[in-house]
Amino acid sequence: QVQLVESGGGLVQAGGSLRLSCAASRSILAISNMAWYREAPGKQREFVAIITSGGVTNHADSVKGRFTISSDNAKNTVYLQMDSLKPEDTAVYYCKAIYHGIGYWGKGTLVTVSS
């Protein structure tokens, strides 16, 4: 099993930045993929970014050039650096890990971007 704890959410003005963290309960080198998703009020959960254990990354078109996923293997933590935030980025952000073919989710952290 993998436990995930997100942190770093909060209230920020449009154009500002936040860095989200996702701490895993085991070595992320043993986890195939770790990803960020978000769920805005009244909308379905959507993919934001993913990083593999080999360091390959991919970002959704809606955040490409503004958000960056990264990892710190020594800290078993994955980050989401969010710059140039827009009101439409307001959502609960969730971390997901794929470990031995099973998906594990954190409880999420709320990001609110004011206009």
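Heads up: the structure comes first, above all this text.
Residues numbered from 1 in each chain as written. Predicted model: local features only at pLDDT ≥ 70, side-chain atom pairs only at ≥ 80, totals over all residues. Heavy atoms only, no water.

Our focus in this paragraph is the pattern of salt bridges. Applying the stated rule across the entire model yields five salt bridges. The partner of Asp 61 in a salt bridge is Lys 64, with the nearest N and O atoms 3.2 Å apart. With a relative accessible area of 47%, Lys 64 lands in the partly exposed category. Two residues, Arg 66 and Asp 89, come together in a salt bridge whose shortest N-O distance is 2.7 Å. (Salt bridge = Lys/Arg side-chain N within 4 Å of Asp/Glu carboxyl O. Buried < 20%, exposed > 50% of the residue type's maximum accessible area, 1.4 Å probe, protein only.)

Now for the sheet that holds strand β3 (residues 18–24). Judged by pairing direction, the sheet is antiparallel, and its four strands sit side by side in the order β1-β3-β8-β7 without closing on themselves. Each end of this open sheet is capped by a strand with a single partner; those strands are β1 (4–7) and β7 (67–72). If you compare each strand with its neighbour and ignore which way they point, the axes differ by 15 degrees on average. Across four bridges, β1 lies against β3 in antiparallel orientation. Each bridged residue has a counterpart across the sheet, and for Leu 4 the counterpart in β3 is Ala 24. (Pairing = 2+ DSSP bridges. Helix = DSSP H or I, 4+ residues; strand = E, 2+ residues; numbered from the N terminus. Axes fitted to C-alpha atoms, helices over the stretch in contact; angles between N-to-C directions.)

Time to look at the side chain of Asn 76. Considering the arrangement of structural elements, one finds Asn 76 in the loop between β7 and β8 (77–82). Within the local environment of Asn 76, its side chain forms a polar contact with the backbone nitrogen of Ile 28, the two atoms lying 3.4 Å apart. (Polar contact = N/O pair within 3.5 Å; in protein donor to acceptor, adjacent residues only side chain to side chain.)

Structurally, Glu 6 can be placed in strand β1. Here Glu 6 occupies a buried position and makes no salt bridge, while the nearest side chain of opposite charge, Arg 45, is found at 7.5 Å. Among the polar contacts listed, one links the side chain of Glu 6 to the backbone nitrogen of Cys 95, at a separation of 2.8 Å. A polar atom in the side chain of Glu 6 sits 3.1 Å from the backbone nitrogen of Lys 107. (Lys, Arg positive; Asp, Glu negative; His and termini not counted.)

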